[in-house]
Amino acid sequence: MSVDPGFFAVRPDDVAALSTTPHFRSLRSTSQLARDQAFAYGQLAVDIAASLERHVEFPETDVPSYPVSVDDRDGDGPERAAQLVR
C-alpha cells in the first residue's frame, strides 16, 4: 500500500495545536516511549476523524433537549433527562 509522504508532515491542525501537552497520571511510571505512542495515537484519531468528516456525509444529530433547573437540587431532573435521552 502506498502512503502519501504528506501524511508524515507536520500539519497546522496537529494535536499539539488543539490542546496543551497531554496529561499522564504518572510521569514516573509512564515511559517516554509510551507517552510518544499515546500522542501519536491521538494524532491518528484526529486525522481519521477529519478525513471522515471530509468524505462522509453524516446525518444531522437529533438529540432531544430536556432542560433541568439548577435550583432543582432535590428533584430527579438529571436522572429523568438521561433516561429520556437513552
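What comes next is a walk through the structure.

### Observations regarding the overall build of the protein chain
- Across its full length, the protein chain carries three helices and zero strands.
- Here the protein chain displays about 7900 Å² of accessible surface, and carbon together with sulfur accounts for 57% of that area.

### Looking at a nonpolar patch on the surface
- A contiguous nonpolar surface patch, about 590 Å² in accessible area, is contributed by Tyr41, Leu44, Ile48, Leu52, Val56 and Phe58.
- Considering the arrangement of structural elements, one finds Tyr41 in helix H2 (residues 32–55).
- Tyr41 sits in the exposed class, given a relative accessible area of 57%.

### Here's the deal with the pattern of salt bridges
- Going through the model one piece at a time under the given rule, you end up with one salt bridge.
- Here Asp76 and Arg80 are joined by a salt bridge, their closest N and O atoms 3.4 Å apart.
- Asp76 sits in the partly exposed class, given a relative accessible area of 44%.

Conventions adopted
- Residues numbered from 1 in each chain as written.
- Predicted model: local features only at pLDDT ≥ 70, side-chain atom pairs only at ≥ 80, totals over all residues.
- Heavy atoms only, no water.
- Helix = DSSP H or I, 4+ residues; strand = E, 2+ residues; numbered from the N terminus.
- Areas by Shrake-Rupley, 256 points an atom, 1.4 Å probe, with all protein chains shown as cover.
- Patch = residues over 30% accessible without salt bridge, like charges linked within 9 Å, V, L, I, M, F, W, Y side chains within 5 Å.
- Salt bridge = Lys/Arg side-chain N within 4 Å of Asp/Glu carboxyl O.
- Buried < 20%, exposed > 50% of the residue type's maximum accessible area, 1.4 Å probe, protein only.

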